[in-house]
Amino acid sequence: MAGVLFALGLIGLLVRRNIIFILLSIEIMLNAAGLAFIVAGARWAQPDGQVMFMFILAMAAAEVSVGLALVLGLQRLYKTLDTDAASEMKG
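First things first, this report covers the structure right here in the doc. (Residues numbered from 1 in each chain as written. Predicted model: local features only at pLDDT ≥ 70, side-chain atom pairs only at ≥ 80, totals over all residues. Heavy atoms only, no water.)

### Here we look at the overall build of the chain
Next, step 1: Looking only at helices and strands, the chain has 3 helices and 0 strands in total.
Next, step 2: Shown N-terminal to C-terminal, the secondary structure of the chain runs as helices and strands in the order α-α-α.
Next, step 3: Over its C-alpha atoms the chain spans a radius of gyration of 16 Å, topping by over 25% the 12 Å that the globule rule assigns to 91 residues.
Next, step 4: Seen through its C-alpha atoms, the chain measures out along the principal axes to roughly 50 × 25 × 20 Å.
Next, step 5: Going through the 91 residues of the chain one by one, you find that 24% of them count as buried.
Next, step 6: Looking at the chain alone, contacts between residues at least 24 apart form 50% of all its contacts between residues at least 6 apart.
Next, step 7: Carbon and sulfur atoms make up 73% of the accessible area of the chain, which totals about 6500 Å². (Helix = DSSP H or I, 4+ residues; strand = E, 2+ residues; numbered from the N terminus. Rg over C-alpha atoms; globule rule 2.2 N^0.38 Å. Buried < 20%, exposed > 50% of the residue type's maximum accessible area, 1.4 Å probe, protein only. Contact = heavy atoms within 4.5 Å. Areas by Shrake-Rupley, 256 points an atom, 1.4 Å probe, with all protein chains shown as cover.)

Structure, rendered in C-alpha cells:
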C-alpha cells in the first residue's frame with residue numbers, strides 16, 4: 001500500500017506543473033514513507049517506526065511552511081502558479 005501511494009505521489013510530482021499540486025504530491029510521498037515506517041515497526045514489534053513517523057510529520061510541517069512561502073512569492077512575482085512560467089532558465 002505504501003508503495004502504491006509513493007508511486008502516485010511520484011507520478012503527480014512528475015506530471016503536474018502547478019506548484020500546489022507538486023507540493024501535494026510531495027505530501028503524499030511523505031505519508032507513504034511514514035506508513036511504511038509504521039508497518040515495519042509493527043511487523044518487528046519495535047517503536048522505531050513511530051519515532052520515524054514523528055520526524056516525518058515534523059518535516060512535512062516544515063515543507064508546508066516553506067511551500068506556502070514559495071507559492072505566495074511565485075504568485076506575487078509572476079501572477080501564476082505554473083512552474084514553467086517561473087523558470088528563469090529559458091533558452
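### Some remarks on the pattern of salt bridges
Next, step 1: A full pass over the atoms with the stated rule returns 1 salt bridge.
Next, step 2: The shortest N-O distance in the salt bridge between D84 and R17 comes to 3.3 Å. Here the residue D84 occupies a position in the segment after α3 (48-78), and R17 occupies one in the loop between α1 (2-15) and α2 (19-43), the gap between them amounting to 67 residues.
Next, step 3: Overall, the relative accessible area of 42% leaves D84 in the partly exposed class. (Salt bridge = Lys/Arg side-chain N within 4 Å of Asp/Glu carboxyl O.)

### Looking at α1
Next, step 1: For α1, which comprises 14 residues, the first-to-last C-alpha distance of 20 Å matches the rise-based estimate of 20 Å (1.5 Å per residue) to within 8%.
Next, step 2: For α1, the secondary structure elements touched by its buried residues are α2. (Expected span 1.5 Å × (residues − 1).)

### Considerations on the environment of A2
Next, step 1: In this fold, A2 is placed in helix α1.
Next, step 2: Residues A2 and V71 lie 69 residues apart in sequence; the distance between their C-alpha atoms is 28 Å.
Next, step 3: Apart from residues no more than four positions distant in its own chain, A2 is found in contact with A32, L35 and A36.

### Some remarks on the packing of α1 against α2
Next, step 1: The N-to-C vectors of α1 and α2 enclose an angle of 160°; their axes lie 8 Å apart at closest approach. It follows from the interaxial angle that α1 and α2 lie roughly antiparallel. Like other packed secondary-structure pairs, α1 and α2 cross with a definite hand, here left-handed. Contact with α1, carried on its side by A2, L5, F6, G9, L10, G12 and L13, involves I22, S25, I26, I28, M29, A32, L35 and A36 of α2 and no other residues of that element. (Axes fitted to C-alpha atoms, helices over the stretch in contact; angles between N-to-C directions. Parallel < 35°, antiparallel > 145°, perpendicular 65-115°, else oblique. Left-handed = near helix turned anticlockwise from the far one by under 90°.)

Any functional reading would require information beyond the geometric quantities listed.
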